[in-house]
Amino acid sequence: MNEINVITTLFEANRNVENSIPMQQYMKNHFPFLGIKTPLRRDLMKRFYLETDILKIDFQPEFVKILWSKEEREYQYAALDYIQRFRKKLVQTHIPFLEELITTKSWWDTVDVISPHFVGKIAKETPSVIEQTIEEWAYGEHLWLCRSAILLQLRYKEDTDEALLYRFILANKDSKEFFIQKAIGWALREYSKTNPNSVRQFINENTLPRLSVREGSKYI
């Protein structure tokens, strides 16, 4: 794909080894980095869109997969930027594709964009995907799919399905995983902005990890 050549050329021309070291350390050295900081990366993406016609054609999952296969983390961020441009076009049939991204090169920096922004959008418009797919995530063994299920409604505010949120949290409340406990707290904290009394009651009536309670109680 010519688009891959364009974005690779732009990114490689701005590789910064000095920047890459602290960026890699911040991500616990899970991924190598080119050393392109966010403001510059956003500028480069704007240039990329201007230099190609990729936004004028249909959404290209294959383009995303090629970016996802590249070693440096900035390419995954570029893929998320591209998906965001097509967010309104995401539909139920994209769920397996998004699940693949969640479970590949998994870490909070990508998962926390994909779940609430992309999967959450689809689930809100097509609630049947919850029973068909997200339920399995919530009750499964995959750390990042469980986190994704918990964070699914993060942006729903007054449209939150409270019973579903609490059920997914209770299904994972005994997890020792930091990222699950943190997700529970984050989901509760966000929902507390909309319904603080409900969250307060839920925390008081259930035994949750201390980290989750601390995070979830910040605004109540």
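Residues numbered from 1 in each chain as written. Predicted model: local features only at pLDDT ≥ 70, side-chain atom pairs only at ≥ 80, totals over all residues. Heavy atoms only, no water.

Chemist: What should I look at first to understand the overall build of the chain in this one?
Modeler: The helix and strand tally for the chain stands at 13 helices and zero strands. N-terminal to C-terminal, the α/β element order of the chain is α-α-α-α-α-α-α-α-α-α-α-α-α. Computed over its C-alpha atoms, the radius of gyration of the chain comes to 19 Å, within 12% of the 17 Å expected for a compact globule of 220 residues. Summarising its shape, the C-alpha atoms of the chain cover approximately 55 × 40 × 30 Å along the three principal directions. Excluding contacts between residues fewer than 6 apart, the proportion of contacts in the chain whose partners are at least 24 apart in sequence is 71%. Total accessible area on the chain stands at roughly 11,300 Å², and carbon and sulfur atoms take up 48% of it. Taking the 31 positively charged and 30 negatively charged side chains of the chain as two groups, their mean positions are separated by 6 Å. (Helix = DSSP H or I, 4+ residues; strand = E, 2+ residues; numbered from the N terminus. Rg over C-alpha atoms; globule rule 2.2 N^0.38 Å. Contact = heavy atoms within 4.5 Å. Areas by Shrake-Rupley, 256 points an atom, 1.4 Å probe, with all protein chains shown as cover. Lys, Arg positive; Asp, Glu negative; His and termini not counted. Charge placed at Lys NZ, Arg CZ, Asp CG, Glu CD.)

Chemist: Got a minute to help me understand the packing of aromatic side chains in this structure?
Modeler: Within a pair of aromatic rings, the relevant descriptors are the distance that separates the centres and the angle that separates the planes. Applying the stated criterion to the full structure yields 17 aromatic pairs. Plain terms: the ring middles of Tyr26 and Trp108 are 6.1 Å apart, the flat faces sit at 85° to each other, and that makes the pair edge-to-face. Of the two residues, Tyr26 sits in helix 2 (residues 17-26) while Trp108 sits in helix 7 (residues 108-125), which places them 82 residues apart along the sequence. When its relative accessible area of 56% is taken as the criterion, Tyr26 is described as exposed. Among the residues examined, Trp108 registers a relative accessible area of 27% and is labelled partly exposed. Seen from their ring centres, Tyr166 and Tyr191 are 6.3 Å apart, and the 70° between their planes marks the pair as edge-to-face. One end of the pair, Tyr166, is in helix 10 (residues 162-172); the other, Tyr191, is in helix 11 (residues 178-192), with 25 residues separating them in the sequence. Among the aromatic residues, ring-to-ring pairing joins Phe48, Tyr49, Phe59, Phe63, Tyr82, Phe86 and Phe97 into one connected group. Note that Arg73 overlies the ring of Phe31, its terminal NZ or CZ placed 3.7 Å from the centroid. (Phe/Tyr/Trp six-rings, centres within 6.5 Å; stacked < 30°, edge-to-face > 60°. Buried < 20%, exposed > 50% of the residue type's maximum accessible area, 1.4 Å probe, protein only. Lys NZ or Arg CZ within 6 Å of the ring centre and 35° of its normal.)

Chemist: Teacher, can you tell me more about helix 10 here?
Modeler: Structurally, the α-helix is built with 3.6 residues per turn, so residues lying three or four positions apart point the same way. Every buried residue of helix 10 is accounted for by Leu164, Leu165, Tyr166, Phe168, Ile169 and Asn172. The inward-facing, buried residues of helix 10 abut helix 8 (128-138), helix 9 (143-151), helix 11 and helix 12 (196-205).

Chemist: Please explain the packing of helix 7 against helix 8 as it appears in this structure.
Modeler: Packed helices, taken two at a time, are described by the angle between their axes plus the distance between the axes. Packing of helix 7 against helix 8 brings their axes to within 10 Å, and their N-to-C directions diverge by 140°. On the basis of their axis angle, the class for helix 7 and helix 8 is oblique. Together, Val119, Ile122 and Ala123 of helix 7 and Val129, Ile130, Ile134 and Trp137 of helix 8 make up the contact between the two elements. Grouping the amino acids of the contact of helix 7 with helix 8 by side-chain chemistry returns seven nonpolar, no polar and no charged. (Axes fitted to C-alpha atoms, helices over the stretch in contact; angles between N-to-C directions. Parallel < 35°, antiparallel > 145°, perpendicular 65-115°, else oblique. Nonpolar A, V, L, I, M, F, W, Y, C, P; charged D, E, K, R; others polar.)

Chemist: What's the story with the nonpolar core in this structure? I'm lost.
Modeler: Nonpolar side chains in soluble globular proteins tend to be buried together. Membership of the largest hydrophobic core comes to 55 residues, with the highest contact counts inside it found for Phe11, Phe48, Val64, Ile83, Ile114 and Val119. Sort the elements by how many residues they give to this core and helix 5 (residues 73-85) lands first, with seven residues. Ignoring anything within four residues of it in the chain, the contact list for Val64 reads Phe59, Ala79, Tyr82, Ile83, Phe97 and Leu101. One finds Ile150, Leu165, Tyr166 and Ile180 within the second-largest nonpolar core, a separate group that totals 17 residues. (Core = buried A, V, L, I, M, F, W, Y, C linked by side-chain atoms within 4.5 Å.)

Chemist: Explain the environment of His30 to me, please; I cannot follow it from the model alone.
Modeler: Position of His30 among the secondary structure elements: in the loop between helix 2 and helix 3 (38-51). Between the alpha carbons of His30 and Arg73 there is a distance of 9.3 Å; along the sequence they are 43 residues apart.

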